[in-house]
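Survey of secondary and tertiary structure
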Protein chains: 2
Amino acid sequence: MPKRPVPDATVARLPLYLRGLITAAEAGRPTVSSDELATASGVTSANVRKDLSFLETTGTRGIGYSVGSLTDEISAVLGLAGERPLVIVGIGNLGRALVTYDGFSRRGFVVTALLDVDPRKVGTTIGGLVIEDLADLETVVADRDVTIAVLATPAHAAQDVADRLVGVGVTAVLNFAPTHLDVPSHVTVRKVDVSSELQILSFYEQASKGRLATGA
Amino acid sequence: MPKRPVPDATVARLPLYLRGLITAAEAGRPTVSSDELATASGVTSANVRKDLSFLETTGTRGIGYSVGSLTDEISAVLGLAGERPLVIVGIGNLGRALVTYDGFSRRGFVVTALLDVDPRKVGTTIGGLVIEDLADLETVVADRDVTIAVLATPAHAAQDVADRLVGVGVTAVLNFAPTHLDVPSHVTVRKVDVSSELQILSFYEQASKGRLATGA
DNA sequence: CTTTGTGAAATCCTTCACAGCG
DNA sequence: CGCTGTGAAGGATTTCACAAAG
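Quick caveat, the model's predicted, so the values are computed rather than measured.

1. Brief notes about the sheet that holds strand 5 (residues 125-126) of chain B
Where strands meet in a sheet, backbone hydrogen bonds hold them as pairs that are either parallel or antiparallel. All names here are of chain B. Strand order across the open sheet formed by seven strands is 5-6-4-3-7-8-9, with mixed pairing between neighbours. Two strands in the sheet have a free side with no partner beyond their single neighbour: strand 5 and strand 9 (188-191). Across four bridges, the pairing between strand 3 (residues 84-89) and strand 7 (residues 148-151) is parallel. Within the sheet, the bridge partner assigned to Val87 lies in strand 7 and is Ala149.

Spelled out as structure tokens, the structure:
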């Protein structure tokens, strides 16, 4: 669907544009300009246009981009057709919050299985799903054709769980554990590291009263 | 403390190195090589060395870097001395999980105030802290000298809350709400967007069976 | 012999600026 | 006139490769 290979930096912004497009659609707008998408996403309009130039959908000069067409194409490029089953491993505080997080379902991701190692949790229900035993990871993941996993285990368990997930066909991992995961090259890992983010914030906060940073 | 301005990309990796250093310290290692830090963080060793070259601490050829000195300097550069008070706004599923998240305290951040708009939540206690009324944001934040805020409100409330936070002196915001925040240039925002991350994963997963991506 | 520190090269990404279309 | 599409320029970041130090 894209005309040419889509750069990583562009891929990372497509979800932002999608959000802007959905807002525009809800407001009944038939088209949006690169400027509007830009302010909604916090990027420059030139960057938006460059990004969209990797797609097939083209805008109309003087008017902007068709909200419907762009939404459809970005969804297709991101592979958001149909429902994607998802397993969450590690049902602690964070895992529990993720189970009931509605941002998943709103974009076509369906939480299909929950796994935890704690026997007191196994068998209990949360958000309509039964927590299953981590020992059964292989059968659970394989049976339900899950290829996307959300890792919310403690750091020390993460690599082992990741290895097992990859072993039964998972190729995409969203890692909340504060540790680096070593995976084969056909597997994609994205990490969400709250503690790192805070430390980065801390840097810029202190830099703003003392001039140390390059950028922001 | 840094020799020259530290690039953004480097700043974003310093927390990873810090993690590797703490692990090394726990293992009793007096020094680490750039190679070890690299595999622990998922970057290349050349990149580690280039990053560390912006700091004052220098390694020893044939040996590596002193775990103690590097830890100290990275902590200092990131502004991690002393305890940093932090307010969490929006105590839903995610906010609740964040309150009890121990990754904050482990790096010197202290959750000092919780705010929510729901009268049924206000006055209740969670993790030893009383949830206070969002209406009192200004006094709560100002009285406690909070300059770092974690935003876990619904998207539609986020910009308004951010404006108010900035108005009373907050200069660093960690935004979990799926929306772009418009803030003055002296304020730093980092966002954590679970839904976007999943969509990015989805792209690479589908790309791996069809060749569309540039990178990974 | 191991590992750092770093210029130089290569790659990737963003911004500029403007021609051209509707 | 408004807004897209894009070459060209400019930055930023990463990788290479190797001299030098312990």
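2. Focus: the pattern of salt bridges
Per the counting criterion, the structure on display carries 20 salt bridges over all chains. Among the ionic pairs, Glu132 of chain A bridges to Arg144 of chain A, the shortest N-O distance being 2.6 Å. Taken together, the positions of Glu132 of chain A in strand 6 (residues 129-133) and Arg144 of chain A in the loop between helix 7 (137-143) and strand 7 (148-151) put the pair 12 residues apart, joining distant regions of the chain. For Glu132 of chain A, a relative accessible area of 22% translates into the label partly exposed. Take Arg144 of chain A: its relative accessible area is 31%, and that puts it in the partly exposed class. Residue Arg164 of chain B pairs with Glu138 of chain B through a salt bridge whose shortest N-O separation is 2.9 Å. Placement of the pair is Arg164 of chain B in helix 8 (residues 155-167) and Glu138 of chain B in helix 7 (residues 137-143), with a sequence separation of 26 residues. The class for Arg164 of chain B is partly exposed, based on a relative accessible area of 21%. Classification of Glu138 of chain B as partly exposed rests on a relative accessible area of 29%.

3. With respect to the relation of the copies chain A and chain B
The pair of chain copies shares a relation made of a rotation about an axis and a shift along it. Screw-axis analysis of chain A against chain B gives a translation of 0.0 Å along the axis, an RMSD of 0.0 Å, and a rotation angle of 180 degrees. Accordingly, the operation relating the two chain copies is best matched by a two-fold axis. The position closest to the rotation axis in chain A is occupied by the C-alpha of Ala97 of chain A, lying 3.2 Å away. Taken together, the interface assignments show that 100% of the residues at the interface of chain A recur at the interface of chain B, consistent with an identical surface on both copies.

4. Considerations on the interface of chain A and chain B
With 66 residues of chain A at the interface, the matching set in chain B holds 66 residues. When chain A packs against chain B, close to 5900 Å² is buried across both sides, 59% of that on carbon and sulfur atoms. Of all residues in chain A, Gln199, Leu201 and Glu205 of chain A give up the largest surface area on contact with chain B, accounting jointly for 12% of the area buried on that side. Linking chain A to chain B there are six salt bridges. As a salt-bridge pair, Arg190 of chain A and Glu197 of chain B come within 2.5 Å of each other at their nearest N and O atoms. Residue composition of the side of chain A that touches chain B, by class: 38 nonpolar, 19 polar and nine charged.

5. Points about the protein's contact with DNA strand C
Near DNA strand C, the surroundings consist of 22 residues, among which Arg13 of chain A together with Ser34, Thr58, Gly59 and Tyr65 of chain B are the closest. Of all DNA strand C atoms lying within 4 Å of any protein atom, the proportion belonging to sugar or phosphate reaches 62%. The contact in question runs from a phosphate oxygen of DNA strand C to an N or O atom on the side chain of Arg13 of chain A, over 2.8 Å. Gly62 of chain B places a polar main-chain atom, nitrogen or oxygen, 3.0 Å from a sugar or linking oxygen of DNA strand C. Of all the secondary-structure elements, those providing two or more residues to the surface near DNA strand C are helix 1 (8-26) and helix 3 (45-52) of chain A together with helix 3 (45-52) of chain B.

6. What to know about the side chain of Ser41 of chain B
Residue and element names in this part refer to chain B. Assignment of secondary structure puts Ser41 in helix 2 (residues 34-41). Overall, the relative accessible area of 7% leaves Ser41 in the buried class. From its side chain, Ser41 meets the backbone oxygen of Leu37 in a polar contact 2.5 Å long.

7. Things to note about the packing of aromatic side chains
Residue and element names in this part refer to chain A. One pass over the full model with this rule turns up four aromatic pairs over all chains. Judged by centre distance (5.2 Å) and plane angle (85 degrees), the ring pair of Tyr101 and Phe104 falls under edge-to-face. When its relative accessible area of 23% is taken as the criterion, Tyr101 is described as partly exposed. A relative accessible area of 1% places Phe104 in the buried class.

The rules behind each value
- Position numbers for residues count from 1 along each chain, tracking the sequence in the order it is written.
- In the order they appear in the text, chains get letters beginning with A and ligands get numbers beginning with 1.
- Only residues with pLDDT of at least 70 get local features here, since the model is predicted, and only at 80 or more are side-chain atom pairs given and counted; chain-wide, interface and lining totals rely on the full set of residues.
- Heavy atoms from the whole structure form the basis of all side-chain values; hydrogens and water molecules are not counted.
- When DSSP finds two or more bridges between two strands, those strands count as paired.
- Working definition: helices are DSSP H or I runs of at least four residues, strands are E runs of at least two. Numbering for both runs from the N terminus.
- Counted as salt bridges are all cases of a side-chain nitrogen of Lys or Arg within 4 Å of a carboxyl oxygen of Asp or Glu.
- Only protein chains enter the accessibility calculation, which uses a 1.4 Å probe; a residue is then buried when its area is under 20% of its type maximum, exposed when over 50%, and partly exposed in between.
- Here the copies are matched by least squares. The fit uses the C-alpha atoms of residues with pLDDT of at least 70 in both.
- The criterion used for residue contact is that any of the two residues' heavy atoms lie within 4.5 Å.
- Joining two parts hides part of their accessible area as seen by a 1.4 Å probe, and the buried area is that hidden amount summed over both.
- Ten residue types, Ala, Val, Leu, Ile, Met, Phe, Trp, Tyr, Cys and Pro, are classed as nonpolar, four, Asp, Glu, Lys and Arg, as charged, and the remainder, Gly among them, as polar.
- Throughout, the term near means that a residue has one or more heavy atoms lying within 4 Å of the molecule or strand in question.
- Pairs of N or O atoms within 3.5 Å make up the polar contacts considered here, provided that, within protein, one atom can donate a hydrogen while the other can accept it, and that residues adjacent in sequence are counted only when both atoms are side-chain atoms.
- Note on ring pairs: Phe, Tyr and Trp rings are taken, using the six-membered ring of Trp, and paired if centres are within 6.5 Å. Classes follow the plane angle, with under 30 degrees stacked, over 60 edge-to-face and the rest tilted.

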